[in-house]
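Structural overview for review
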Amino acid sequence: MAERKTILITGGAGFLGSHLCDRLIADGHDVICVDNFFTGAKHNIEHLIGHPSFELIRHDVTFPLYIEVHQIYNLACPASPIHYQHDPVQTTKTSVHGAINMLGLAKRLKCRIFQASTSEVYGDPSVHPQTEAYWGNVNPIGPRSCYDEGKRCAETLFFDYHHQHKLEIKVARIFNTYGPRMHPKDGRVVSNFIVQALQGEPITIYGDGCQTRSFCYVDDLIEGFVRLMNSPSDLTGPVNLGNQSEFTIRQLAEKVIEMTGSRSELISKPLPADDPRQRQPDISLATQKLGWQPATPLAEGLERTIAYFRTLLGA
Ligand code: NAD
Ligand code: UDP
Ligand code: UDP
């Protein structure tokens, strides 16, 4: 095992953060989970409460934080449109002030810091698939801007702290990820379709359903996080992490119906503003530098996610 470290995870009670807590504790580290529970939930981490390697702090990252750790994973930020658009000013503050505070903490401690950035920095891309070199096509004043521009500014801050203060940074651009512990009401497509199918409600396809996404299973993504964090210090990123298998939203709906044995019908709803038509990561950099690529096929990941929601909903 690698040297035992104390590792801070902001947003550690959320979907991705809670899986990262599990993984790092399983690897033999001590984890400090910081969360304000805006979208996270205690039940995501309740199995860790009382574990000698786990500590929970209720804290909002827009305020300074003075603790001692060896590494920081900065995940705090609502990730689904429903949640990040609920209080857009707070979303930008979380991304920007949160990044400044965590970078200030990393600067004082001289420790490595990882940023959970997003494929949304590419906006509605005019390059397909998206490589890290693509600068993006982002609306600065639309409904998604608080998230997209907040994350872009956070990346800017990470690179400026790297250049100006010689901080060791690791920036991951995460593409759509799914799995157990997704919030059942966060409106993201995988959780929506599974919940609707299990409850026998109509499956809501926004627009014509021909828009595409590529879905990465959570365990694969977390493996990418850990590899990137522990990569040689000259690898700052940004590094795309995601699955390259691209599906239309209609194909996803049909697959979920088939796998749940649901009788739900497909219905159309209006396409949200600025909804990207296509999204697929180019993961050559991650493959080359980290030896990483997703291993879980959609059917297998969906099976585990459906099982989770069946238990959660008692369906
Ligand atoms: P999530 O909403 O489940 O988790 C975010 C966590 O951050 C929650 O526990 C929430 O309570 C916490 N949080 C929010 N604001 C905070 C604040 N001001 N202070 C402290 N904690 C705060 O979302 P997730 O899917 O787990 O996403 C985690 C990170 O990964 C986010 O930064 C998100 O932008 C990024 N990301 C996720 C995806 C995805 O597909 N899930 C894709 C791209 C990027
Ligand atoms: N900060 C923090 N914890 C620390 C050190 C700094 O939360 O251990 C915050 C603090 O709010 C500070 C911000 O990080 O304003 C940026 O820190 P930096 O050292 O870059 O700038 P300065 O202290 O000069 O504002
Ligand atoms: N979507 C859909 N029905 C839903 C939820 C989402 O058709 O009930 C579509 C949405 O319009 C988008 C895609 O699924 O084209 C992925 O949406 P999600 O919010 O999961 O992620 P993002 O748009 O951030 O990639």
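Residues numbered from 1 in each chain as written. Chains lettered and ligands numbered in written order. Predicted model: local features only at pLDDT ≥ 70, side-chain atom pairs only at ≥ 80, totals over all residues. Heavy atoms only, no water.

**Some thoughts on the packing of helix 1 (residues 15–26) against helix 7 (residues 218–229)**
Condition: Each axis is a line fitted through C-alpha atoms, taken for helices only over the stretch in contact, and angles between the N-to-C directions span 0 to 180 degrees. Runs of E in the DSSP output that reach at least two residues are strands. Runs of H or I that reach at least four are helices, and both are numbered from the N terminus. Two helices cross in a left-handed way if the nearer one is turned anticlockwise from the farther one by less than a right angle. They cross in a right-handed way if the turn is clockwise. Here a residue-residue contact requires only that any non-hydrogen atoms of the pair lie within 4.5 Å. All amino acids are sorted into three groups, where Ala, Val, Leu, Ile, Met, Phe, Trp, Tyr, Cys and Pro are nonpolar, Asp, Glu, Lys and Arg are charged, and the leftover types, Gly among them, are polar.
At a minimum axis distance of 10 Å, the contact between helix 1 and helix 7 shows a crossing angle of 65 degrees. Taken as a pair, helix 1 and helix 7 cross one another with a handedness that is right-handed. Where helix 1 approaches helix 7, its residues Phe15, Leu16, His19, Leu20, Arg23 and Leu24 are matched on the opposing element by Val218, Asp219, Leu221, Ile222, Glu223, Phe225 and Val226. Residues of the contact of helix 1 with helix 7, tallied by class, amount to nine nonpolar, one polar and three charged.

**Description of the state of the cysteines**
Where two cysteines share a covalent bond between their sulfur atoms, that bond is called a disulfide. Note the threshold: When the sulfur atoms of two cysteines come within 2.5 Å, that pair is taken as a disulfide. For the exposure calls, accessible area comes from a 1.4 Å probe over protein chains only, and a residue counts as buried if that area is under 20% of its type's maximum, exposed if over 50%, partly exposed in between.
As enumerated under the stated definition, the model contains zero disulfides in all. Not engaged in a disulfide, the cysteine Cys21 finds its nearest cysteine sulfur in Cys33; these two sulfurs lie 4.4 Å apart. With no disulfide of its own, Cys146 lies 8.3 Å from the sulfur of Cys77, the closest cysteine sulfur. Assessed through its relative accessible area of 9%, Cys146 is described here as buried.

**Some words on the packing of aromatic side chains**
We count it as follows: The aromatic pairing rule takes the rings of Phe, Tyr and Trp, using the six-membered ring of Trp, and pairs them if the centres are within 6.5 Å, calling planes under 30 degrees apart stacked, those over 60 edge-to-face and the rest tilted. Only Lys NZ and Arg CZ are tested; either one counts as a charge over a ring when it is within 6 Å of the ring centre and within 35 degrees of the ring normal.
This model, assessed by the stated rule, comprises seven aromatic pairs. Residues Tyr308 and Phe309 carry aromatic rings whose centres are separated by 5.2 Å and whose planes lie at 75 degrees to one another, so their mutual orientation is edge-to-face. Grouping aromatic residues by their ring pairs yields a cluster made of Tyr73, Phe114 and Phe225. When the ring centre of Phe37 is taken as reference, the NZ or CZ atom of Lys42 above it lies at 5.4 Å.

**Some words on helix 6 (residues 189–198)**
By the criterion of burial, helix 6 is predominantly enclosed, with nine of the ten residues buried. Within helix 6, burial applies to Val190, Ser191, Asn192, Phe193, Ile194, Val195, Gln196, Ala197 and Leu198. On its buried face, helix 6 is in contact with strand 7 (177–178), strand 8 (203–206), helix 8 (249–260) and helix 10 (298–313).

**What about the site of ligand 3?**
The following threshold applies: Any residue with a heavy atom positioned within 4 Å of a molecule or strand is treated as near that molecule or strand. Nitrogen and oxygen atoms within 3.5 Å of one another constitute a polar contact, given that in protein one can donate a hydrogen and the other can accept it, and given that sequence-neighbouring residues count only through two side-chain atoms. Surface exposure here means Shrake-Rupley accessible area, sampled with a 1.4 Å probe, where a residue is shielded only by the protein chains that are shown.
Inspection of the region around ligand 3 gives 17 residues, with Asn192, Thr204, Arg213, Asp275 and Arg279 positioned closest. In the environment of ligand 3, a nitrogen atom lies 2.6 Å from a nitrogen or oxygen atom belonging to the backbone of Thr204. Within the side chain of Gln211, one N or O atom sits 3.0 Å away from an oxygen atom of ligand 3. Burial of ligand 3 by the protein amounts to 94% of the accessible area it has alone, namely 520 Å². Elements that contribute at least two residues to the shell around ligand 3 include exactly helix 6 and strand 8. Residues that form the shell around ligand 3 fall into these classes: six nonpolar, five polar and six charged.

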